[in-house]
Amino acid sequence: MEPAGAPPPGCAPAREAEEPPGSPALPAEEPQGGQSAGAPPGEGAPPPPAAAERERDHHGAGPQGPSGRAARGRGRRAPGRRGGEEGGCAARRPRVTVDSSKAKTSLEALKISLRQLRWREVRMMKDSDPSWKPTFIVKPDGGCQGDGIYLIKDPSDIRLTGSIQSRPAVVQEYICKPLLVDKLKFDIRLYVLLKSLEPLEIYIAKDGLSRFCTEPYQEPTLKNLHQVFMHLTNYSLNIHSGNFIHSDSVNTGSKRTFSSILCRLSSRGADVKKLWSDIISLVIKTIIALTPELKVYYQSDIPAGKPGPTCFQILGFDILLMKNLKPMLLEVNANPSMRIEHEQELSPGVFENVPSPVDEEVKVAVIRDTLRLVDPHKKKRKDIQCQTLEHVSEASEELLDAGRADRPEYEASRSPEAGLPSLCLKQVFPKYAKQFNYLRLVDRVAALFIRFLGVKGTTKLGPTGFRTFIRNCKLSNSNFSMASVDILYIDITRRWNSTGIDHKESGMCLQAFVEAFFCLAQKKYKSLPLHEQVASLIDFCEYHLAALDEKRLVCGRGIVERRSAVVPCQADGLHLTPAAHTPLLNRTATASKFADYRNHRY
């Protein structure tokens, strides 16, 4: 029997609770055949306990007697309403289920609200199952070769030796359902060549390494979190396991080639081409995210126009495959190991370096072909070959092909790479640039940041440089004064400097400049989505800077012309040298862009 004052099961309350204006919608599951999660909170649900208590105090104290009659009386239809439509007893509806896993600071208030509404919470049902809770992997900053990595279930279990600033750590959610081969977890090490930043050139090695754990995999629980040979794929850790298998074959052992895994997956009907496409997309997106900051540090060491060596970098991408063959990026190593031998214990305490055929096959090819791509004499040889071909007529080309091997000039121009295997490095950018150029907005913002750094070698923008950026790009007006510019600079710079670790240099870092740029874009183009706001402001700034550069070029040329009008007299008379006129910058594109932005004002 229902308590006194409570409506019969399934009856709608006589009055709905008012919902606070502007309250966010909660992610809720829709029960089978029940009401949707978007229904008003009080509709079709019993009243909260507090309301029941008030009704019980007003109508009586027990389930029998007058209070019972009062309860039955409230179940009747309200006057003026038709039965079965409003105010009557509807069919019993299931309780609404709410997923509270995404709730953060509002979690406690949400729990109280759900209890009052007598709704069901998903997290409450799963709290009793510790295996459901996510597992985290902790990687101390500055570590390598798996040193200091451990797994936790509770974030409060992070082991800190000192403050966060002195000993930071990277914490990632552990992937519990990886693809297994021979019941073992494994990851992939792929080598990526970053040949150039400007223009951006990316190459991916066609083969890599697959590094296996040495104990059969089980999903992490409190009992097996400490079993590193089951969960961590690091070669430097698993080599100390008694189950580690050194193999001369690329298809077996605890370290294999990635191509052998692909062959195995292909034999099972997996779409290997799609897997490679996903990996290429993952690599390009990651490099695009890294290049803005890399360019800032690169220009501080090697300023533009400075003669001398250029730089390249071989990166190690660690990738984990899910059961559905989706690649997940674990980390990027800036200094991957290129060792091609391993230590083998001959007797207790006695080790010997033994060649590793798998490492040699993959790593030697990567280093050799990287050097082939960055060979400084390669361009010179191409120029010589082009000049030689220009002197060969089409009529005599067939005769030359028949006997050119015996000619000395052919031997001189013959490429030394003729006897080498084909490149193991595949270019993926700019080859697929059209598909990913939309992601390079921050890269273009970084170019603006570098332009106004001022002093060569610095990586932070001072207040004068920021004001110059605003002034040259025509971003200040009556609604956004230079005083507002200074306030924006101070607020954002101070916040970023307070969270950073490197305080050796004062000023606005790249990340702070990007945030300031986004604020300016939102202020200038309020009606557009954020991506279009930023793109529009970039185009606007680039237009004004191009016009400024052209103006300076014209002024500089005018000075040169005036100086060349008067030339000192020589023995054979006066010689006037006409000024060399080079084409001006193409203003057609910038003028068309400007037409689109003339109407955009603050």
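In this text, all values refer to a predicted model and were calculated from it rather than measured experimentally. (Residues numbered from 1 in each chain as written. Predicted model: local features only at pLDDT ≥ 70, side-chain atom pairs only at ≥ 80, totals over all residues. Heavy atoms only, no water.)

1. So, helix α7 (residues 258-267)
Heads up, the condition is: Each residue is placed in one exposure class: buried if its accessible area under a 1.4 Å probe, protein chains only, is under 20% of its type's maximum, exposed if it is over 50%, and partly exposed if it falls in between. To qualify as a helix, a DSSP run of H or I must reach at least 4 residues; to qualify as a strand, a run of E must reach at least 2; elements of each kind are numbered from the N terminus. Any two residues whose heavy atoms approach within 4.5 Å are treated as being in contact.
Where α7 is concerned, the buried positions are F258, S260, I261, L262 and L265. The inward-facing, buried residues of α7 contact β8 (184-197), β10 (209-212), β11 (255-257) and α8 (272-301). Downstream of α7 by one or two residues, G269 has phi in the positive range, about 95 degrees.

2. Brief notes about the side chain of T493
Short version of the rule: Any pair of nitrogen or oxygen atoms within 3.5 Å is treated as a polar contact; in protein, a donor-acceptor pairing is required on top of that, and neighbouring residues in sequence qualify only through side-chain atoms on both sides.
Turning to its location among the elements, T493 is positioned in helix α16 (residues 482-499). Using a relative accessible area of 7% as the deciding quantity, one classes T493 as buried. Within the local environment of T493, its side chain forms a polar contact with the backbone oxygen of Y489, the two atoms lying 2.7 Å apart. Non-local contacts of T493, meaning those with residues more than four positions away in its chain, are made with G507 and M508.

3. As for the packing of aromatic side chains
Each aromatic ring pair is specified by the distance between its two centres and by the angle formed by the two planes. Just so we agree on the cut-off: Centre distance within 6.5 Å is the pairing criterion for rings of Phe, Tyr and Trp, where only the six-membered ring of Trp is used; planes under 30 degrees apart are then read as stacked, over 60 as edge-to-face, and the remainder as tilted. A ring is considered to have a charge above it if a Lys NZ or an Arg CZ atom is located within 6 Å of its centre and within 35 degrees of its normal.
Taken as a whole, this structure holds 11 aromatic pairs when the rule is applied. Relative to F517, the ring of F469 lies with its centre 6.3 Å away and its plane at 35 degrees, an arrangement referred to as tilted. Of the two residues, F469 is situated in helix α15 (residues 463-472) and F517 in helix α17 (residues 510-524); the sequence distance between them amounts to 48 residues. Classification of F469 as buried rests on a relative accessible area of 0%. Take F517: its relative accessible area is 1%, and that puts it in the buried class. By way of ring pairs, the aromatic residues F449, F452, F466, F469, Y489, F513 and F517 are connected into one cluster. Against the face of Y235 rests K255, its NZ or CZ located 3.6 Å from the ring centre.

4. Structural notes on the pattern of salt bridges
Pairing is possible between side chains that carry opposite charge, provided their charged atoms lie close to one another. As a reminder, the rule being used: Within this document, salt bridges are pairs made up of a side-chain nitrogen of Lys or Arg and a carboxyl oxygen of Asp or Glu, the two lying within 4 Å of each other.
Within the structure shown, the criterion is met by 23 salt bridges. Two residues, R264 and D182, come together in a salt bridge whose shortest N-O distance is 2.6 Å. You can see R264 sitting in helix α7 and its partner D182 sitting in the loop between β7 (180-181) and β8, a full 82 residues away along the chain. Under the relative-accessibility criterion, R264 is labelled partly exposed at 28%. As a salt-bridge pair, R189 and D318 come within 2.6 Å of each other at their nearest N and O atoms. Taken together, the positions of R189 in strand β8 and D318 in strand β12 (residues 313-321) put the pair 129 residues apart, joining distant regions of the chain.

5. Some thoughts on the side chain of K363
Note that K363 resides in helix α9 (residues 357-373). From its side chain, K363 meets the backbone oxygen of S337 in a polar contact 3.4 Å long. Among the polar contacts made by the side chain of K363, one reaches the main-chain carbonyl oxygen of R339 at a distance of 2.8 Å. The contact partners of K363, leaving out residues within four places of it in the chain, are Y191, L209, S337, M338, R339 and I340.

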